[in-house]
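# Topology and contacts: notes
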Amino acid sequence: MVAQAFGDEHTRRKLEIVEKYLSTYTTALKKQDFELLYVDVCAGSGSSIPKSVLAERQTEDHQIHLLGSPKPVADADQIIVGSALRALKVEPHFDRYLLNDVKKSNVEALRSAINADFSHLKDRIQLTRFDANQMLIDLCKATNWRATRAVVFIDPFGLQIKYSTLEVLAKTAAVDVWYLVPVFAMYRQVRQDGGVLEDGGRSVDEALGTTEWRNVVATEEKGQIDLWGNSQAVSKRAVDVKWFENVAKERLKAAFHGRVVDQVLPLGRNGLHEFSLMFAWANPSDRARLASKLASAVLK
């Protein structure tokens, strides 16, 4: 198994929640006459090694490298099994698995892991290397959603997911979406003086589907008083990561017409709020509200 140097214990927590949901999802729908899809648009290599573990091992190896062969990079119980492989373990199985990652090395590592441990499901699995947004848009256009239901897991690299993609997913009226929103990446595009970084700001515009957030991220305060009793206004950043979480949740609600669970799980390394795990469901029928109950239960 080829593991990425990625994430930490918060990564494991996020994945365990999604895995629990997938298990309850396939169990709840196993007798329904739908084709069930699992869609992972940023699937990665299939596993990861926490950066904290790598840092510890690098220190140890530096101290003992003269004594013999270095230790293995990580013990088996320290490796974090990724979302795609967790989905493949869930029973009852999905009818199809659409696993995507733009990075060639990740797809090759994932293919190797599937060949080793999930060869019995190979006929159900499709591996692709597309842009995440384009993959989801093409899927939504090509699928007969009257006969299909899907769980879509979005764990993006930075601010790559566009709001317009979320709107397309919502229009299917047939998908449940777990979205790890990169709220800290949004926050970082606002300087301490309240100014918005040019390129990063455009990425936030696309991720939120609006520019209105720009109007409230800065505030002006009185500066120091000079010898003549005058003061010049000083601009400062007026928002924090939690503010971006709230805005992202409201925008997700707008795309999914309010069908977003109230619980949001903040995640990050060493207590830092870097991401917010959110859940939305596209089906407007009353029966589909079961999805929100299942998601709320696993988020508690």
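Now for a look at the structure at hand. For clarity, every value in this text was computed on a predicted model and none was experimentally measured.

Basis of the calculations
- Along each chain, residues carry numbers from 1 onward, in the same order as the chain's sequence is written.
- In keeping with the model being predicted, local features are shown solely for residues with a pLDDT of at least 70 and side-chain atom pairs are shown and tallied solely at 80 or more, while totals for entire chains, interfaces and linings include all residues.
- Excluded from the side-chain calculation are hydrogens and water; included are all heavy atoms of the structure.
- By convention in these notes, a salt bridge is any Lys or Arg side-chain nitrogen within 4 Å of a carboxyl oxygen on Asp or Glu.
- The way it works is that DSSP assigns letters per residue, a run of H or I at least four long becomes a helix, a run of E at least two long becomes a strand, and they are numbered from the N terminus.
- Relative accessibility thresholds used throughout: buried, under 20% of the residue-type maximum; exposed, over 50%; partly exposed, between the two (1.4 Å probe, protein chains only).
- To obtain each axis, a line is fitted to C-alpha atoms, and for helices this fit is confined to the stretch in contact; angles are then taken between N-to-C directions over 0 to 180 degrees.
- By definition in this entry, angles of less than 35 degrees are roughly parallel, angles greater than 145 are roughly antiparallel, angles of 65 to 115 are roughly perpendicular, and the rest are oblique.
- The criterion used for residue contact is that any of the two residues' heavy atoms lie within 4.5 Å.
- Ten residue types, Ala, Val, Leu, Ile, Met, Phe, Trp, Tyr, Cys and Pro, are classed as nonpolar, four, Asp, Glu, Lys and Arg, as charged, and the remainder, Gly among them, as polar.
- In this analysis, the expected span of each helix is defined as 1.5 Å times one less than the number of residues it contains.
- As used here, the arc is the angular range of directions from the helix axis to the C-beta atoms.
- In this scheme Phe, Tyr and Trp rings, the latter by its six-membered ring, pair at centre separations within 6.5 Å, and the angle between planes marks the pair as stacked below 30 degrees, edge-to-face above 60, and tilted otherwise.
- Only lysine NZ and arginine CZ atoms are considered, and such an atom sits over a ring when it is within 6 Å of the ring centre and within 35 degrees of the ring normal.

### As for the pattern of salt bridges
Evaluation of the coordinates by the stated rule reveals eleven salt bridges. Glutamate 198 is paired through a salt bridge with arginine 202; the nearest N and O atoms lie 3.5 Å apart. A residue pair is termed a helical-turn pair when its members lie 3 or 4 positions apart in one helix, as glutamate 198 and arginine 202 do in helix 8 (residues 198-208) at four residues. Arginine 202 gets classed as partly exposed once you look at its relative accessible area, which sits at 42%. Overlapping salt bridges bring together Glu198, Asp199 and Arg202 as one network.

### Considerations on the packing of helix 6 (residues 163-171) against helix 9 (residues 241-255)
Helix 9 packs onto helix 6 with a crossing angle of 40° between their chain directions and a minimal axis gap of 9 Å. One way to sum up the angle between helix 6 and helix 9 is to call them oblique. Residue-level contacts link Tyr163, Leu166, Glu167 and Ala170 of helix 6 to Arg251, Leu252, Ala254 and Ala255 of helix 9. The residue inventory of the contact of helix 6 with helix 9, partitioned by class, reads six nonpolar, no polar and two charged.

### Some points on the environment of alanine 297
Mapping alanine 297 onto the fold places it in helix 10 (residues 290-299). Among the residues examined, alanine 297 registers a relative accessible area of 48% and is labelled partly exposed. Sequence separation of alanine 297 and lysine 20 is 277 residues, and the distance between their C-alpha atoms is 9.7 Å.

### Notes on helix 4 (residues 104-117)
The terminal C-alpha atoms of helix 4, which comprises 14 residues, lie 20 Å apart, in line with the 20 Å expected from a rise of 1.5 Å per residue. For helix 4, the set of buried residues is Asn106, Val107, Ala109, Leu110, Ala113 and Ile114. The buried residues of helix 4 occupy an angular sector of 165° when projected down its axis, which confines them to one face.

### Focus: the packing of aromatic side chains
Scanning the model with the defined rule gives eleven aromatic pairs in all. Aromatic pair tyrosine 21 and tyrosine 25: ring centres 6.0 Å apart, planes at 35°, arrangement tilted. Remark: tyrosine 25 and tyrosine 21 occur in helix 1 (residues 9-29); sequence separation between them is four residues, near one turn of the helix. There is no split in this pair, since tyrosine 21 and tyrosine 25 are both buried. When the centroid spacing of 5.1 Å and the interplanar angle of 55° are considered together, the rings of tyrosine 21 and phenylalanine 279 count as tilted. Of this pair, tyrosine 21 sits in helix 1 while phenylalanine 279 sits in strand 12 (residues 275-281), and the two are 258 residues apart along the sequence. The exposure class assigned to tyrosine 21 is buried, which follows from its relative accessible area of 0%. Exposure remark for phenylalanine 279: the relative accessible area of 0% places this residue in the buried category. Three or more aromatic residues link up through ring pairs in this structure, and these residues are Tyr21, Tyr25, Tyr38, Phe94, Tyr97, Trp178, Phe279 and Trp281. Residue placement shows arginine 149 over the ring face of phenylalanine 34; its charged tip is 4.0 Å from the ring centre. In this structure, arginine 251 packs its charged tip against the face of tyrosine 163, placed 4.3 Å from the ring centre.

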